[in-house]
Amino acid sequence: MDAAELGRRTRITLRDRVRRVRGSLILSVQASVAAGLAWYVAHVLLGHYQPFFAPIAAVVTLAISVGQRMRRAAEIVAGNAVGILLGELLILVIGRGAWQVSLVVLLAINLAIFIGGSASLVTQAASSGILVATLLPITSDYYLSRFVDAVVGGGIALLVMALLLPLNPLTEVKRAVGPLMDSLADGLNHAADALAHGDATAAQDALDRLREAESHLRAFGESLKASKELATIAPLHWGKHGLLQAYIEAADHLARSLRNSRVLVRRIVSMIRDRETVPASLVEAVHALAQSVSSLRRELADAVEPEQAVEAAARAVREARQAHQAGLDFSGGVVFAQVRSTATDLLRAAGLSREEAERQVRRAVGRIDQSGSTRSAGGSSEQAG
């Protein structure tokens, strides 16, 4: 790896780290507020001398990965409470030792499974039970207070999450979809430039970037789940459902456009290596796809009609049809087909129905093929991909 490549990757890594910190800022504020409130309620209002389980439960509840966040948070609260309650009750009755710890874990896990808990609840129940059964002293002044602390801390965390400092679901979705759409647009633009210059190495690099974008796609999907949940439970964000729906409807089509783009760029690599004919209009078609992605990101964020995204996708099909008429070899023909498929995906992501998206593609092809083989405007050989 040369110095320039190392520098580029370092800058990307630093930028990603700063973005992650910015994106997690509200979570850290939520956790800090919840921990302080949990300590105050348990120590001052309930009179517990050392209520360390309250702030711990609050922080653990909030420190959960995005995706179905409230459900998982509730499970953490339940898991903490189940484990601590079992640990306190059993150790008071049967004492402390190896077999007692085993019994606490056995009962905690099976009780968590019985009430339908996920792996998060099961793990939390077992670990909390172990903590109480092995580390904490048995004192008559603290009977069941740790259980109360865990419930207080978890309950305050849920309150902070839903009412006091709820995340903005639209902000979270926009933050998650940005890297995905940027990677898709950049990959297509770099692939088009590589095709124009006959640079197979650059085309392969563009393909690698698109493959790496799969992690952004997963993050976007998780963010959508969490955001739908937030828009449902947080009164401050009940009005966000309509705006959020555009992203929900676009998600599957963005996933398809990413995967179709990878097929497209893989064939561009083959075109370059096989020295196939490269009409300039085919390069423009791939650039137009990238512009459609960038326009769609901006128009979704601004909550406006995605007119520019739709026009760019249609232009990509027109340019690809011109390249097809000029003459393409095998891999070039695959690129032509994938341009159409990706354009259809982007039109669907822009909110068009399947029928309207296919009609837009056929119309784009028909305008190109004014003379000669006009069957492409409606014939079966030109079905939208």
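**Structural notes on the overall build of the chain**
Part 1: Looking only at helices and strands, the chain features 14 helices and zero strands.
Part 2: Reading the chain from its N end, one meets helices and strands in the order α-α-α-α-α-α-α-α-α-α-α-α-α-α.
Part 3: In the chain, buried positions account for 48% of the 385 residues.
Part 4: In the chain, the proportion of contacts linking residues at least 24 apart, taken out of those at least 6 apart, comes to 76%.
Part 5: For the chain, the exposed surface amounts to about 18,100 Å²; the carbon and sulfur share of it is 58%.

**Let's talk about the pattern of salt bridges**
Part 1: Under the definition given, this model contains eight salt bridges.
Part 2: Note that Glu214 and Arg262 form a salt bridge whose closest N and O atoms lie 2.9 Å from each other. Here Glu214 is found in helix 9 (residues 214-233), whereas its partner Arg262 is found in helix 10 (residues 241-273), with 48 residues between them in sequence. One exposure class covers both Glu214 and Arg262, and it is buried.
Part 3: Arg354 is the salt-bridge partner of Glu358, the closest N and O atoms lying 4.0 Å from each other. Here Glu358 and its partner Arg354 are both found in helix 14 (residues 354-368), four residues apart, which amounts to about one turn of the helix.
Part 4: Assessed through its relative accessible area of 18%, Glu358 is described here as buried.
Part 5: A cluster of three or more residues bridged by salt bridges with shared partners is formed by Glu214, Arg259 and Arg262.

**Here we look at the nonpolar core**
Part 1: Counting 68 residues, the largest nonpolar core has Phe220, Leu254, Leu264, Ile268, Leu289, Leu296 and Val339 as the members making the most contacts within it.
Part 2: Only helix 7 (169-197), helix 8 (200-212), helix 9, helix 10, helix 11 (280-302), helix 12 (307-326), helix 13 (330-349) and helix 14 provide two or more residues apiece to this core.
Part 3: Setting aside its immediate chain neighbours within four residues, Phe220 contacts Val173, Ala176, Val177, Leu180, Tyr247, Ala251 and Leu254.
Part 4: Within the second largest apolar cluster, twelve residues are counted, among which are Ala54, Leu62, Val152 and Ala157.

**Quick look at the confidence of the model for the chain**
Part 1: Mean pLDDT over the chain stands at 81; residues scoring 70 or higher make up 82%.
Part 2: In this model residues 367-385 is a low-confidence stretch, pLDDT under 50, and it forms 29 contacts with partners more than four residues away in sequence or in other chains.

**Considering a nonpolar patch on the surface**
Part 1: On the surface, Tyr40, Val44, Leu45, Leu46 and Val148 cluster together into a nonpolar patch covering about 450 Å² of accessible area.
Part 2: For the nonpolar patch, the leading source of residues is helix 1 (residues 3-45), giving three residues.
Part 3: The topology assignment puts Leu46 in the loop between helix 1 and helix 2 (53-62).

**Focus on the environment of Phe52**
Part 1: Tracing the chain through its elements places Phe52 in the loop between helix 1 and helix 2.
Part 2: Assessed through its relative accessible area of 29%, Phe52 is described here as partly exposed.
Part 3: Placed 101 residues apart in sequence, Phe52 and Gly153 show a C-alpha to C-alpha distance of 9.4 Å.

**Side note on helix 12**
Part 1: With 20 residues, helix 12 extends 29 Å between its outermost C-alpha atoms, agreeing within 8% with the 28 Å of an ideal straight helix rising 1.5 Å per residue.
Part 2: Along helix 12, the residues that are buried comprise Ala309, Val310, Ala312, Ala313, Ala314, Ala316, Val317, Arg318, Glu319, Ala320, Arg321 and Ala323.
Part 3: Just downstream of helix 12, Gly327 is the residue with a positive phi angle, here 115 degrees.

**Quick look at the packing of helix 12 against helix 13**
Part 1: At a closest axis distance of 9 Å, the pairing of helix 12 and helix 13 adopts a crossing angle of 165 degrees. In terms of their interaxial angle, helix 12 and helix 13 are classed as roughly antiparallel. Between helix 12 and helix 13 lies a crossing whose hand is left-handed. Contacts from Val310, Ala313, Ala316, Val317, Ala320, Arg321 and His324 in helix 12 reach Phe336, Val339, Arg340, Ala343 and Leu347 in helix 13.
Part 2: Grouping the amino acids of the contact of helix 12 with helix 13 by side-chain chemistry returns nine nonpolar, one polar and two charged.

**A word on unusual backbone geometry**
Part 1: With a phi angle near 55 degrees, Arg275 is a residue other than glycine that sits in the positive phi range.
Part 2: Relative to the helices and strands, Arg275 is located in the loop between helix 10 and helix 11.
Part 3: By relative accessible area, which is 78% here, Arg275 ends up exposed.
Part 4: Unlike most non-glycine residues, Ala303 shows phi in positive territory, near 55 degrees.

**Some remarks on the side chain of Thr342**
Part 1: Topologically, Thr342 is positioned in helix 13.
Part 2: Setting aside anything within four residues of it in sequence, one finds Thr342 in contact with Ser257, Asn260, Ser261, Leu264 and Leu289.

**Some remarks on the packing of helix 11 against helix 13**
Part 1: Helix 13 packs onto helix 11 with a crossing angle of 15 degrees between their chain directions and a minimal axis gap of 11 Å. The orientation of helix 11 relative to helix 13 falls into the category roughly parallel. Crossing of helix 11 against helix 13: the hand is left-handed. Of the residues in helix 13, those touching helix 11 at Leu282, Ala285, Leu289, Ser292, Val293 and Leu296 are Val335, Val339, Thr342, Ala343, Leu346 and Ala349.
Part 2: Classifying every residue of the contact of helix 11 with helix 13 gives ten nonpolar, two polar and no charged.

Conventions we followed
For every chain, the first residue of the written sequence is number 1, and numbering continues from 1 along that sequence. The predicted nature of this model means local features are confined to residues of pLDDT at least 70 and side-chain atom pairs, given and counted, to a pLDDT of 80 or more, with totals for whole chains, interfaces and linings taken over all residues. Side-chain numbers here rest on the full set of heavy atoms in the structure, without hydrogens or water. Only runs of H or I of at least four residues qualify as helices and only runs of E of at least two qualify as strands under DSSP, and these elements are numbered from the N terminus. Whether a residue is buried, partly exposed or exposed follows from its accessible area with a 1.4 Å probe, protein chains only, as a fraction of its type maximum: under 20%, in between, or over 50%, in that order. Contacts were defined at the residue level, with two residues in contact if any of their heavy atoms lie within 4.5 Å. Accessibility throughout is a Shrake-Rupley quantity obtained with a 1.4 Å probe, and a residue counts as covered only by protein chains that appear here. Think of a salt bridge as a Lys or Arg side-chain nitrogen and an Asp or Glu carboxyl oxygen that are within 4 Å of each other. Think of a nonpolar core as a cluster: buried Ala, Val, Leu, Ile, Met, Phe, Trp, Tyr and Cys residues, connected wherever their side-chain atoms sit within 4.5 Å. How sure the predictor is of each residue is captured by pLDDT, a score from 0 to 100. Candidate patch residues must exceed 30% relative accessible area and have no salt bridge, after which like charges are joined if within 9 Å and Val, Leu, Ile, Met, Phe, Trp or Tyr side chains if within 5 Å. To estimate the expected span of a helix, subtract one from its residue number and multiply by 1.5 Å. For helices, the axis comes from a line fit to the C-alpha atoms of the stretch in contact; other axes are also lines fit to C-alpha atoms, and the angle between any two N-to-C directions lies between 0 and 180 degrees. Angles below 35 degrees are treated as roughly parallel, those above 145 as roughly antiparallel, those between 65 and 115 as roughly perpendicular, and all remaining angles as oblique. The sense of a crossing depends on the near helix, which, turned anticlockwise from the far helix by less than a right angle, makes the crossing left-handed and, turned clockwise, makes it right-handed. Amino acids are sorted into nonpolar (Ala, Val, Leu, Ile, Met, Phe, Trp, Tyr, Cys and Pro), charged (Asp, Glu, Lys and Arg) and polar (every other residue, Gly among them).

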